[in-house]
Amino acid sequence: MINKVRKAVFPAAGLGTRFLPATKASPKEMLPIVDKPLIQYAVEEAERCHIKEFIMITGKSKRAIEDHFDYAWELEENLKSKGKDAMLEEVRRLSQHQFAYIRQGAPLGLGHAILCARPFVKDEPFAVILSDDIIDPDDDLLEEMIHIYNKYEATVLALERVPKEEIHRYGVIGGTEIKNNIFEITDMVEKPKPSAAPSDIAIIGRYILTPDIFEFLAKTQPGKGGEIQLTDALKALLKKKPVYGYLFQGKRYDAGDKIGYLRATVEFALRNPGVKDQFREYLLSTFSSIMSNKES
Ligand code: G1P
């Protein structure tokens with residue numbers, strides 16, 4: 001596949017208030033799921049799609065993200081001297097890509113964060129990956145979206161059906177299914193009340209955007225929550241150009257929420273070769289003691 005999408009933007013300037021106090025002085029994106037921070041899952045997903053340039057939008061208290069993807073001379077020497085080759089390789093691999101860091105300055109919203117990437121994205125299509133949404137590494141959501149982009153050369157959003165009580169947390173679309181799981185989008189509302197939602201189909205944290213979004217973002221006024229919303233700019237774009245959506249059927253973990261984060265931790269631990277057997281035993285014994293307490 002010729003990959004027309006070579007760049008990915010990772011908005012990572014949010015305050016992470018849902019995880020305070022853990023996120024008071026360190027980035028939410030560095031919270032680990034088993035042994036990898038959230039942002040690394042996002043970067044690895046882009047790597048699997050042959051993305052070559054990684055653009056991070058950061059802010060205050062986010063320096064650990066830069067260090068994480070940087071060359072770590074002392075650590076590497078230490079691992080080398082101890083013969084820990086696999087770990088050395090893992091640590092080294094992360095620093096081999098081209099990373100750019102842009103500070104958002106003020107938390108003015110997702111739309112504003114994307115606009116900050118303009119000088120680095122220039123005139124190419126690009127992916128946007130929100131690291132709060134972890135996509136199961138066995139699913140190929142982003143790759144599918146890139147295929148759709150390659151075919152239509154237009155904006156592609158990742159979509160998922162969500163229960164009514166969660167609709168207020170998402171951008172919600174209206175549209176028509178033109179092919180299996182591919183939608184042509186006709187409407188979009190950021191975080192609507194269930195009664196005002198055009199459907200039960202939400203935008204999830206993966207986008208393939210075209211560079212013309214920047215003109216729309218530059219004109220977008222603060223919307224929901226007083227922030228510059230990507231959804232509002234996409235809605236304006238929609239009036240001029242087609243926007244497509246891909247309805248994801250695989251597994252997503254909303255790690256921006258405590259329960260979603262815990263679910264991801266448990267399920268990833270159950271697959272991690274280093275801990276899965278012991279962890280499974282622990283879960284089974286915890287489960288039986290919960291059940292016996294319930295019965296007594
Ligand atoms: C953002 C977008 C929203 C989208 C969501 C997906 O909201 O504004 O349209 O549905 O990401 O995760 P946030 O979660 O940043 O509030």
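Shown above is the structure to which this text applies.
None of these values were measured; they are calculated from a predicted model.

Right, let's talk about the packing of aromatic side chains for a bit. Each pair of aromatic rings is reported with the distance of its centres and the angle of its planes. Under the defined criterion, the tally for this structure stands at ten aromatic pairs. Here the aromatic rings of Phe-19 and Tyr-261 are separated by 5.4 Å at their centres, their planes lie at 70 degrees, and the arrangement is edge-to-face. Of this pair, Phe-19 sits in the loop between strand 1 (7–11) and strand 2 (32–33) while Tyr-261 sits in helix 10 (residues 258–269), and the two are 242 residues apart along the sequence. By the burial criterion, Phe-19 is buried, and Tyr-261 matches it.

All right, on to helix 10 then. Spanning twelve residues, helix 10 covers 16 Å between terminal C-alpha atoms, matching the ideal 16 Å at 1.5 Å per step. Along helix 10, the positions that sit buried rather than exposed are Gly-260, Tyr-261, Ala-264, Phe-268 and Ala-269. The arc that holds the buried residues of helix 10, viewed along the axis, is 160 degrees, so those residues lie on one side. Packed against the buried residues of helix 10 are strand 2, helix 1 (38–48), strand 7 (133–135), strand 13 (252–254) and helix 11 (276–295). The N-capping residue of helix 10, defined by a side-chain oxygen 3.2 Å from the backbone nitrogen of Ile-259, is Asp-257.

Our next topic: unusual backbone geometry. Here the bond from Leu-20 into Pro-21 is cis, since omega is 5 degrees, no more than 30 degrees from zero. For Pro-21, the position within the fold is in the loop between strand 1 and strand 2. The backbone of Ser-61 sits at a positive phi, close to 60 degrees, despite the residue not being glycine. Relative to the assigned elements, Ser-61 resides in the loop between strand 4 (53–58) and helix 2 (63–68). Using a relative accessible area of 31% as the deciding quantity, one classes Ser-61 as partly exposed. Unlike most non-glycine residues, Glu-153 shows phi in positive territory, near 50 degrees. If you trace the backbone, Glu-153 turns up in the loop between helix 7 (141–152) and strand 8 (155–161).

The computed volume of the largest pocket comes to approximately 1,100 Å³. Of all the secondary-structure elements, those providing two or more residues to the lining of the largest pocket are helix 5 (110–116), strand 11 (201–209), helix 9 (230–238) and strand 13. Class assignment for the residues of the lining of the largest pocket results in 14 nonpolar, twelve polar and twelve charged.

With that out of the way, let us pick up the site of the ligand. In the vicinity of the ligand lie 13 residues, with Gly-171, Glu-190, Lys-191, Ile-203 and Thr-231 positioned nearest. One of the backbone nitrogen or oxygen atoms of Gly-171 is found 2.9 Å away from an oxygen atom of the ligand. At a separation of 2.7 Å, an oxygen atom of the ligand approaches a polar side-chain atom of Lys-191. Considering the ligand on its own, with 380 Å² of exposed area, one finds that the protein chains cover 76% of that surface. Comparing atom positions with the cavity grids shows the ligand to sit within the largest pocket.

About the criteria used
The numbers attached to residues start from 1 for each chain and follow its sequence in the written order. Only residues with pLDDT of at least 70 are given local features in this predicted model, and only at 80 or more are side-chain atom pairs given and counted; all residues enter the totals for whole chains, interfaces and linings. Note that water and hydrogens are dropped before the side-chain values are worked out from all heavy atoms of the structure. Ring geometry is summarised as follows: Phe, Tyr and Trp rings, the Trp one being its six-membered ring, pair when their centres sit within 6.5 Å, and such pairs are stacked at plane angles under 30 degrees, edge-to-face over 60 and tilted between the two. Numbering of helices and strands starts at the N terminus; helices are DSSP runs of H or I of at least 4 residues and strands are runs of E of at least 2. Summary of the burial criterion: residues with accessible area below 20% of their type's maximum are buried, those above 50% are exposed, and those between are partly exposed, where the area comes from a 1.4 Å probe applied to protein chains only. Here the expected span of a helix is defined as 1.5 Å times the quantity of residues minus one. In this description, one arc is meant: the one made by directions from the helix axis to the C-beta atoms. Every residue pair with non-hydrogen atoms within 4.5 Å of one another is taken to be in contact. Nitrogen and oxygen atoms within 3.5 Å of one another constitute a polar contact, given that in protein one can donate a hydrogen and the other can accept it, and given that sequence-neighbouring residues count only through two side-chain atoms. Residues are called lining when one of their atoms sits within 4 Å of a cavity or pocket point, these points coming from a 1 Å grid over the protein atoms alone, where a cavity is a set in which a 1.4 Å probe fits but cannot get out and a pocket is an open set with protein on both sides within 12 Å along at least five of seven lines. Grid points are joined across faces, edges and corners, and a volume is the space filled by probe spheres set on the points. When residues are sorted by character, Ala, Val, Leu, Ile, Met, Phe, Trp, Tyr, Cys and Pro go into the nonpolar class, Asp, Glu, Lys and Arg into the charged class, and all the rest, Gly among them, into the polar class. Near is defined per residue: the residue qualifies when any heavy atom it owns lies within 4 Å of the molecule or strand. Per-residue accessibility takes into account occlusion by the displayed protein chains alone, with areas from the Shrake-Rupley method and a 1.4 Å probe. A molecule is counted as occupying a cavity or pocket when more than half of its atoms fall within 2 Å of that pocket's grid points.

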